[in-house]
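Here is how the chains run, residue by residue.
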Amino acid sequence: CTVILTRLATRDLHKPISILFCNLAVSDLFTSFSGFWISMLFITNPDITIFGSRDMLAPYALYTTSILSTIYNLVSIGVERYLAVAESMRTRFRVARSHSIAVVFINWLLAFSLGCLPLLGWHCLQAGRSTSVLYSPFCVSYLVFVTLPNVVVAFLVPLFTYLRIIIILRKRKLRMQACGQATGTYRSAETQVARTSISIWLLALVSYAPFFAGVIFDATNRRCHTDLYPGVYIFRNCTAILITITCLGNPLLYTLRLRELGAKLKALRCLSAKRVRACAI
């Protein structure tokens, strides 16, 4: 919410990347909200989160949609950064604000299309053989269908984009060194991109790899719910906590730096104080 408010209250949304940053915050907000919804269902009726129920379809669908939207936003941010760095090499195409808005719309459309498939009938409320053990009443086939391609996209596309950014910056630095010019800016930019990309990879690996492992376990498991209780469900809850940590880490990595956040919040307070004084006068 802090990311969304500060982005809307400042002029940062004039930049295409800021639209993607704000949309990433919205996706993280939806993930947190759906996770809170599932937690409340677990507190009021723990059995439906273990054995599955029709009441779990809507919160799980929203949870899946928000996670998919977050993944697509991260991929879009990586692609946008690559195009921005390579802009001088490709002067015919420039990322505009309209492009970012179109990407946001496509991301949500794709996320809702895939995330709401269980609400449209792809669930296992009647058939018990292919029911997911961890995420009943989802079907194992649906989880595999959604997880495998998105995991590949989430890991390979950022890898390509950030590596290309580092390569481009290094080539420009070498070119400027050959011309006898200073290269401190490119050296610092290369270091910052490398640190950011490593942080992105570590955060994605720590948060989404256990969820992917749980889906693989679902696909290969042949035992019933009671045989796996409570250890497997503790693991499932830990994966949910890690995904929530990702929602907290994304603003720090992509949208906010602590000093910039403090400066923007201070500017907002000063702006509100000036408005109060003006109204009083």
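Given the structure is predicted, the values throughout are model-derived calculations rather than measurements.

Description of the confidence of the model for the protein
At step 1: For the protein, the mean per-residue pLDDT works out to 75, and 73% of the residues sit at or above 70.
At step 2: Here helix α10 (residues 258-280) is the element of the protein with the lowest mean pLDDT, 52, and helix α5 (residues 97-115) is the one with the highest, 88.

Some points on the UniProt feature "transmembrane region" (unreviewed entry) in the protein
At step 1: If you check UniProt for "transmembrane region" (unreviewed entry), the listed places come out as residues 17-40, 60-79, 100-122, 142-167, 198-217 and 233-256 in our numbering.
At step 2: Taken end to end, residues 17-40 comprises 100% helix and 0% strand; its first and last C-alpha atoms sit 35 Å apart.

Description of the side chain of T65
At step 1: Following the sequence through the fold, T65 ends up in helix α4 (residues 57-85).
At step 2: Since its relative accessible area comes to 1%, T65 is described here as buried.
At step 3: In terms of polar contacts, T65 uses its side chain to reach the backbone carbonyl oxygen of A61, at 2.8 Å.

Looking at the layout of surface pockets
At step 1: Empty space within the second largest pocket amounts to approximately 380 Å³.
At step 2: For the lining of the second largest pocket, the elements supplying multiple residues, two or more each, are α2 (16-44), α4 and α9 (231-255).
At step 3: Here the lining of the second largest pocket is built from residues that sort into 10 nonpolar, 8 polar and 1 charged.

Quick look at the packing of aromatic side chains
At step 1: For the structure on display, the rule yields 9 aromatic pairs.
At step 2: Plain terms: the ring middles of F33 and W37 are 6.4 Å apart, the flat faces sit at 45° to each other, and that makes the pair tilted. A residue pair is termed a helical-turn pair when its members lie 3 or 4 positions apart in one helix, as F33 and W37 do in helix α2 at 4 residues.
At step 3: The class of F33 is partly exposed, set by a relative accessible area of 48%.
At step 4: By relative accessible area, W37 is classed as partly exposed at 33%.
At step 5: Between F138 and Y142, the aromatic rings sit 5.3 Å apart at their centres with planes inclined by 80°, giving edge-to-face as the arrangement.

With respect to empty space enclosed by the protein
At step 1: The tally for this structure, following the rule as stated, stands at 1 cavity of 30 Å³ or more.
At step 2: A volume near 410 Å³ is recorded for the largest cavity.
At step 3: Lining the largest cavity are 28 residues, with I67, I71, V151, Y208 and F211 sitting closest to its centre.
At step 4: Elements represented by at least two residues in the lining of the largest cavity include exactly α4, α6 (140-178), α7 (184-220) and α9.
At step 5: With 9 residues, the top contributor of residues to the lining of the largest cavity is α6.
At step 6: Its residues assigned to classes, the lining of the largest cavity shows 23 nonpolar, 5 polar and no charged.

Some points on a nonpolar patch on the surface
At step 1: Taken together, the side chains of F36, M40, F42 and I43 present a nonpolar region at the surface, about 410 Å² in accessible area.
At step 2: Looking at the element boundaries, F36 is found in helix α2.
At step 3: Of the residues examined, F36 reaches a relative accessible area of 53% and is grouped as exposed.

The rules behind each value
- Residues numbered from 1 in each chain as written.
- Predicted model: local features only at pLDDT ≥ 70, side-chain atom pairs only at ≥ 80, totals over all residues.
- Heavy atoms only, no water.
- pLDDT = per-residue confidence, 0-100.
- Helix = DSSP H or I, 4+ residues; strand = E, 2+ residues; numbered from the N terminus.
- UniProt positions renumbered as here; feature names shortened; annotations may be inferred.
- Buried < 20%, exposed > 50% of the residue type's maximum accessible area, 1.4 Å probe, protein only.
- Polar contact = N/O pair within 3.5 Å; in protein donor to acceptor, adjacent residues only side chain to side chain.
- 1 Å grid on protein atoms, 1.4 Å probe; cavity = no way out; pocket = protein on both sides within 12 Å on 5 of 7 lines; lining within 4 Å.
- Points joined across faces, edges and corners; volume = space filled by probe spheres on them.
- Nonpolar A, V, L, I, M, F, W, Y, C, P; charged D, E, K, R; others polar.
- Phe/Tyr/Trp six-rings, centres within 6.5 Å; stacked < 30°, edge-to-face > 60°.
- Patch = residues over 30% accessible without salt bridge, like charges linked within 9 Å, V, L, I, M, F, W, Y side chains within 5 Å.
- Areas by Shrake-Rupley, 256 points an atom, 1.4 Å probe, with all protein chains shown as cover.
- Salt bridge = Lys/Arg side-chain N within 4 Å of Asp/Glu carboxyl O.

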